[in-house]
Amino acid sequence: MKTDLRALLSGQIEALDFDQDSSLTQMQRGGDTLGFNSPIHVQGRLSRLEDGVVFFSGRLDTVVKTVCGRCLEPVLEPFSIEFGEVVYADGKEEEYDLIIEPEGPTFDLDAFCEAILELNLPVSFLCREDCKGLCPICGTNLNTSECNCKENQIDQRFAKLKDLLQESKNK
Ligand SMILES: [Zn+2]
Ligand SMILES: [Zn+2]
């Protein structure tokens with residue numbers, strides 16, 4: 001989904017109000033696939049900062065669809081962020097830190113959303129603050145049931161200790 005910036009760059013218009021949904025429905029991040037349960041909605045204003053330079057300020061809202069970083073259960077997490085970025089800088093790319101590589105005098109909403117989310121989404125999501133996660137030994141979801149792995153492990157350690165004590169006594 002691309003927006004032509006020529007009218008803005010030529011000074012024909014001073015600013016362009018922007019209100020669109022991105023067609024981006026998922027993205028890769030650190031080996032995980034993140035989906036979006038509601039479209040990524042972007043609202044803001046494209047404006048000419050100086051000759052050949054377009055600035056975009058606004059707000060992005062979506063609902064991220066992923067899995068809990070601890071227990072792997074599905075998670076839906078609303079996410080919003082306010083941004084202000086230079087999205088086009090003809091011949092001045094060095095001066096401005098562009099978060100997307102524009103092709104021609106256009107603004108690519110999907111590429112922009114991906115870049116903003118990449119930079120700002122939390123590293124992982126949790127189903128709830130105090131998620132207990134999965135047992136590292138048997139894989140039981142400790143939020144919904146219990147297992148005896150921990151106790152068994154402790155018992156085993158004590159058993160070993162007993163053996164050692166026994167051995168040293170027998171010497
Ligand atoms: Zn969880
Ligand atoms: Zn277990």
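As the structure is a prediction and not an experimental result, all values here were calculated from the model. (Residues numbered from 1 in each chain as written. Chains lettered and ligands numbered in written order. Predicted model: local features only at pLDDT ≥ 70, side-chain atom pairs only at ≥ 80, totals over all residues. Heavy atoms only, no water.)

Before going further, it helps to examine the domain arrangement of the protein. Interfaces are often described in size by the accessible area the parts lose on coming together. The domain architecture assigned to the protein consists of domain 1 (2-120) and domain 2 (132-171). Computed over C-alpha atoms only, the centres of domain 1 and domain 2 are separated by 50 Å. Each partner contributes residues to the interface: domain 1 has four residues there, and domain 2 has four residues. Here domain 1 meets domain 2 over a buried area of about 300 Å², counting both sides, of which 60% is carbon and sulfur. In this assembly, domain 1 and domain 2 are joined by zero salt bridges. (Domains from an automatic or database assignment. Contact = heavy atoms within 4.5 Å. Buried area = accessible area lost by both parts, 1.4 Å probe. Salt bridge = Lys/Arg side-chain N within 4 Å of Asp/Glu carboxyl O.)

Here the focus is the environment of Lys-92. By the secondary structure assignment, Lys-92 is in the loop between strand E6 (74-89) and strand E7 (106-108). C-alpha separation for the pair Lys-92 and Glu-14, spaced 78 residues apart in sequence, amounts to 20 Å. With near-sequence residues (within four places) excluded, Lys-92 lies in contact with Glu-50, Asp-51 and Val-53. Within the structure, the side chain of Lys-92 is placed 2.9 Å from the backbone oxygen of Asp-51, a separation counted as a polar contact. (Helix = DSSP H or I, 4+ residues; strand = E, 2+ residues; numbered from the N terminus. Polar contact = N/O pair within 3.5 Å; in protein donor to acceptor, adjacent residues only side chain to side chain.)

We now examine the packing of aromatic side chains. In this description, an aromatic ring pair is defined by two values, namely the gap between the centres and the angle between the planes. Applying the stated rule across the entire model yields seven aromatic pairs. For the pair Phe-18 and Phe-56, a centre-to-centre distance of 5.2 Å together with 70° between the ring planes defines the contact as edge-to-face. Highlighted residues: Phe-18 in strand E2 (residues 15-21) and Phe-56 in strand E5 (residues 53-67), separated in sequence by 38 residues. For Phe-18, a relative accessible area of 5% translates into the label buried. Judged by relative accessible area, Phe-56 falls into the buried class, the value being 0%. Both rings, one in Phe-18 and one in Phe-107, keep their centres 5.6 Å apart while their planes meet at 85°; by these two values the pair is edge-to-face. Of this pair, Phe-18 sits in strand E2 while Phe-107 sits in strand E7, placing them 89 residues apart in sequence. Through successive ring pairs, a cluster of aromatic residues spans Phe-18, Phe-56, Phe-83, Phe-107 and Phe-112. (Phe/Tyr/Trp six-rings, centres within 6.5 Å; stacked < 30°, edge-to-face > 60°. Buried < 20%, exposed > 50% of the residue type's maximum accessible area, 1.4 Å probe, protein only.)

Further remarks concern the pattern of salt bridges. Using the criterion set out here, one finds eight salt bridges in the structure. Close ionic contact of Asp-130 with Arg-128 constitutes a salt bridge, the shortest N to O distance being 3.0 Å. Taking relative accessible area as the criterion, Asp-130 reaches 52% and is therefore assigned exposed. Assessed through its relative accessible area of 36%, Arg-128 is described here as partly exposed.

Attention now moves to the coordination of the zinc ion (ligand 1). Listed as protein donors to the zinc ion (ligand 1) are Cys-68 (SG), Cys-71 (SG), Cys-127 (SG) and Cys-131 (SG); their distances from the metal cover 2.2 to 2.4 Å. Here the zinc ion (ligand 1) binds four donor atoms, and the angle range of 106 to 115° at the metal identifies the geometry as tetrahedral. Between the donor residues of the zinc ion (ligand 1), the gaps in sequence give the motif C-x2-C-x55-C-x3-C. Take Cys-127: its relative accessible area is 34%, and that puts it in the partly exposed class. In this structure Cys-131 comes out as buried when scored by relative accessible area, which is 5%. (Donors = N, O, S within 2.8 Å, 3.2 Å for Na, K, Ca; no water. Tetrahedral: all angles 85-135°; square planar, octahedral: opposite > 155°, others 65-115°.)

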